[in-house]
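Take a look at the letters that make up each chain.
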Protein chains: 2
Amino acid sequence: MNRNIISILIVSLQIFSAEKANAQINVNEQRIQTRIDELARFGKDSLGRNNRIAFTKGDVEARSWYMDLMKKAGLEVSIDYAGNIIGKRKGKNALLKPIAFGSHIDMVPLGGNYDGCVGSIGALELITVLNENNITTVHPLELIIFANEEGGTVGSLALAGELTSAALAQNTNSGSTIGQGIKRIGGDPDRVKEVKLNRGDLAAFLELHIEQGGILEKEKIQIGIVEGIVGIKWWEITVQGFANHAGTTPMDMRKDALLAASRLVIAVNEAANSFEGKQVATVGKISTEPGAPNVIPGIVKMILEVRDLSSEKIESVFKRIQQKSDSIARSSGTTISFQEQNVNTKPALTDKTVQDAIMRVTTKLGYSVRYMQSGAGHDAQEMALICPVGMIFIPSIGGISHSPKEFSTSADMARGATVLLNTVLTLDRELK
Amino acid sequence: MNRNIISILIVSLQIFSAEKANAQINVNEQRIQTRIDELARFGKDSLGRNNRIAFTKGDVEARSWYMDLMKKAGLEVSIDYAGNIIGKRKGKNALLKPIAFGSHIDMVPLGGNYDGCVGSIGALELITVLNENNITTVHPLELIIFANEEGGTVGSLALAGELTSAALAQNTNSGSTIGQGIKRIGGDPDRVKEVKLNRGDLAAFLELHIEQGGILEKEKIQIGIVEGIVGIKWWEITVQGFANHAGTTPMDMRKDALLAASRLVIAVNEAANSFEGKQVATVGKISTEPGAPNVIPGIVKMILEVRDLSSEKIESVFKRIQQKSDSIARSSGTTISFQEQNVNTKPALTDKTVQDAIMRVTTKLGYSVRYMQSGAGHDAQEMALICPVGMIFIPSIGGISHSPKEFSTSADMARGATVLLNTVLTLDRELK
């Protein structure tokens, strides 16, 4: 055969292969649900509650169960020095960078069975379906289960080269430090620096996840395409008034720190609502000193959190809050100060090309879809430092997350896994 | 001598005696200050802080010191079953009921050296000055130092017959129960019921006290005549919203319990200010659940306190707050409930005749004076159940009380003791 004929044959085969993919490959909804239920059995505490905290016995057992499934699916499984589980599947072209996907199986204390799990089981389903359909992608594939996502995206931080020695010494909800925990799950805290990937080491990274909010369910939309993961910034607010006897101090002689703080909580809400966009601002924690019913509060401390896809927007919201605080302080005879906290993560944008691929796949599948932001942090955020990333959201019933009440339907999980699978196949065709 | 001549002679002697009193008797400002300073030395904790809590070693030692001074002043001193110290001084007419006066020498944890002490040292000064001037009143006199005022006006409650068995079993800041504490200071908890006085057993009761507020100082007025001691009522407020992820829940899908609670704190302030009068309403204590910076508060609990001289006014203020809470709950998607607490003391009015006597005495002395209410509770409140009561206030610098920073000048203390002394002498002449 001459070169032209070979080329034509290859193109034909590729078309045939693509058509075959579009025509035949389906995820197995029942298998996804069964595996979600099996995974949920790991990490129950003595009271039968969900406590599969990273580095605990439940986490170790669930990881072992998951790695068995990876091996049965033919993946070449290893644990890197940061404790990430990596499952490799060869592609036709070993020179291409791998397309990666995955999520996490650890949970917050008293957490739910869908956060991280849907993406992890969905990634496994992807491999299983490729196997069932005898499909070999052009790119190598990598399924990654990240170490300790809920304790601060530890595994993906390490891959991005951002896991510091100080972080390794931090205590975790498991009772051990991050360093000790990494050792317990098969990593090596002394060598975590070696897992660092450079920009371009992966062709792309995709994560399927539950929304953890109520937008998709409320709008009856099946798939969310994540435009980016919001940045988060915290400030401690101190309102200093004057503690005094609540019986003997007339209303017009008070410097009530809680009254001023209450006006500020309302100002925080108004500031967040005063801009176009999806920014959120929250006061979740408040305390008064001395905190007695018969003493006018002298000091109130609160934590202010602002999140948005744009760092500038976060600063704009904060500035508006600060401006309002000036007039509140003046009119109430208090002083109000803001102290930046250590929590200060930058927003991470997903890749336009990847977003576009997800949109085409979803539309072709006939699923309803919208763009949205992720208000919660994810490993994809750190992976964005390495390669183009994309995130696929499915509805969370009631918008509930980080709770045993967290729930997504098997139909939604299947749709999410189908979008993940077809997006990987699309990128496999389109990326170089 | 015939009867008429005898009558004229007696009246002349009384006039002479009264003139002598008006002309000569002065309290000793330096002696008052010295005794205040001596009393302040009792009840320091290991860190040198003021902790003369009722029933503790410091309280016992201070009481012993005080009783020595009473004895040196010629009083017949006893401790009743409730632990009250009673110092008796005979009058010319043993058939008349005693005129009583006094205060307390126990303090709140980390308290000040003037609350209670000024009235106690002022009462002792009264006796001392009568001795120095060889004055014998017509009525018998009783100087009362009440047991455990700060822990709930325990001694005066017992005199009013209102100290229950349940109260005796309550724990106190001293570490022991009220019953155990009463035993430690020389009382007998099994016999407290026997100390009960009936209405009319005393001709009157007077208490000199620091204002504990900032009104007198602000208005540059030397003496306050207390019209009444406010009633106090507490409610626990529960705001029930919905706890959710502060990152993934858009602003318009929140049921933020703290945002609603903040509106309510402002409504409490507005309700207290929306009536004529001196009523006060305070939220001194607040907590959020779960209380994490990255979770929208699901539940807020607060304590609402309302005080006024009129029970009806307290209810009116509360009803207005409740009305506002209905609209706040509706607009925020929360529910707000109010639970009455055990703290529910009735207002106590002082006696018009006694008020009038204090006013005449103060005016004659040339001191500036105003009527006012007491926002704090006092033993006089319980004594009002037994006899006509009056209270004399002197300025608190900065309006500060229940604090080591509590302070009144020796000149103000001397003026207060002078008013107390002359009011007792006036009532002695005028009461039957």
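No experiment lies behind these values; they were computed from the predicted model shown.

Reading guide: rules and limits
Residues numbered from 1 in each chain as written. Chains lettered and ligands numbered in written order. Predicted model: local features only at pLDDT ≥ 70, side-chain atom pairs only at ≥ 80, totals over all residues. Heavy atoms only, no water. pLDDT = per-residue confidence, 0-100. Contact = heavy atoms within 4.5 Å. Buried area = accessible area lost by both parts, 1.4 Å probe. Salt bridge = Lys/Arg side-chain N within 4 Å of Asp/Glu carboxyl O. Polar contact = N/O pair within 3.5 Å; in protein donor to acceptor, adjacent residues only side chain to side chain. Helix = DSSP H or I, 4+ residues; strand = E, 2+ residues; numbered from the N terminus. Least-squares fit on C-alpha atoms with pLDDT ≥ 70 in both. Domains from an automatic or database assignment. Nonpolar A, V, L, I, M, F, W, Y, C, P; charged D, E, K, R; others polar.

**Student:** Can you lay out the confidence of the model for chain A for me, pointing to particular residues and giving the numbers?
**Tutor:** Of the residues in chain A, 94% have a pLDDT of 70 or more, and the chain-wide mean is 93. Scored as a whole, the predicted complex attains pTM 0.82, and scored at its interfaces, ipTM 0.83.

**Student:** So what's going on with the interface of chain A and chain B? Which residues, and what values?
**Tutor:** Chain A puts 51 residues into the contact, and the matching count from chain B is 52 residues. A buried area of about 4300 Å², summed over both sides, lies between chain A and chain B, and 64% of it is on carbon and sulfur atoms. Here chain A and chain B share 0 salt bridges between them. On inspection of chain A and its partner chain B, the count reaches 8 residue pairs in polar contact (both at pLDDT 80 or more). At the level of elements, α8 (215–218), β8 (244–245), α9 (257–273), β9 (280–289), β10 (295–296) and β11 (299–308) of chain A are the ones that each hand at least two residues to the side of chain A that touches chain B.

**Student:** Mind laying out the relation of the copies chain A and chain B, listing which residues take part and the relevant values?
**Tutor:** Two copies of a chain can be linked by a rotation about an axis combined with a shift along that same axis. Relative to chain B, chain A is turned by 180° and slid 0.1 Å along the rotation axis, the superposed coordinates differing by an RMSD of 0.1 Å. Here the symmetry operator amounts to a two-fold rotation axis. Within chain A, Ser262 of chain A has its C-alpha nearest the rotation axis, a separation of 2.2 Å. Mapped onto chain B, 100% of the interface residues of chain A are again interface residues, and the two copies thus contact each other with one and the same surface.

**Student:** Can you break down the domain arrangement of chain A residue by residue, with the values?
**Tutor:** Residues and elements named next belong to chain A. We note that the domain assignment places domain 1 (21–230 + 347–430) and domain 2 (231–344) within chain A. For domain 1 versus domain 2, the distance between C-alpha centres works out to 37 Å. Domain 1 puts 13 residues into the contact, and the matching count from domain 2 is 8 residues. Counting each side, the surface lost to burial between domain 1 and domain 2 is near 760 Å², with a carbon and sulfur contribution of 57%. Applying the counting rule to domain 1 against domain 2 returns 1 salt bridge. Its salt-bridge partner being Glu227, residue Lys278 comes within 3.6 Å of it at the nearest N-O pair. Our count for the contact surface shared by domain 1 and domain 2 stands at 2 residue pairs in polar contact (both at pLDDT 80 or more). With 4 residues, the top contributor of residues to the side of domain 1 that touches domain 2 is strand β14 (residues 369–374). When grouped by side-chain class, the residues that make up the side of domain 1 that touches domain 2 number 8 nonpolar, 3 polar and 2 charged.

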